[in-house]
Amino acid sequence: ESIDARLAIEVRAQRNFILATEVDPLISNPFRWADLTPEQQQAWADYRRALLDIPQQEGFPTAVAWPTRP
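What you see is a predicted model; the values in this text were computed from it and never measured. (Residues numbered from 1 in each chain as written. Predicted model: local features only at pLDDT ≥ 70, side-chain atom pairs only at ≥ 80, totals over all residues. Heavy atoms only, no water.)

Enquirer: I'd like a description of the pattern of salt bridges, backed by residues and values.
Expert: As enumerated under the stated definition, the model contains three salt bridges in all. In this structure, Glu22 engages Arg69 in a salt bridge whose closest nitrogen and oxygen atoms are separated by 3.0 Å. Within this pair, whereas Glu22 is found in helix α1 (residues 3-27), its partner Arg69 is found in the segment after α3 (38-52), the two being separated by 47 residues in sequence. Classification of Glu22 by relative accessible area gives partly exposed; the value is 29%. Asp24 serves as the salt-bridge partner of Arg48, at 2.7 Å between the closest nitrogen and oxygen. On the criterion of sequence distance, the pair formed by Arg48 in helix α3 and Asp24 in helix α1 is long-range, its members being 24 residues apart. Asp24 sits in the partly exposed class, given a relative accessible area of 26%. (Salt bridge = Lys/Arg side-chain N within 4 Å of Asp/Glu carboxyl O. Helix = DSSP H or I, 4+ residues; strand = E, 2+ residues; numbered from the N terminus. Buried < 20%, exposed > 50% of the residue type's maximum accessible area, 1.4 Å probe, protein only.)

Printed below as a string of structure tokens:
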């Protein structure tokens, strides 16, 4: 297993942790989601998409541009 393959696994694990602990509990909770403005909802949706797209970034897994949390 190459260093890049191990690094890719680590980056995906970190991304999945952020999704599971910060993003999905908010997005999947209708009461918390309803408390957000449409602009905030869009910002969180964009953040989630950016996290999911990390493996498609140029330079992945050695140069990852982590999106900014809303």
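Enquirer: Any chance you could break down the packing of aromatic side chains for me, citing the residues and the numbers?
Expert: Applying the stated criterion to the full structure yields one aromatic pair. Ring centres 5.7 Å apart and planes at 80° place the aromatic pair Trp44 and Tyr47 in the edge-to-face group. One end of the pair, Trp44, and the other, Tyr47, are both in helix α3, three residues apart, so they sit about a helical turn from each other. (Phe/Tyr/Trp six-rings, centres within 6.5 Å; stacked < 30°, edge-to-face > 60°.)

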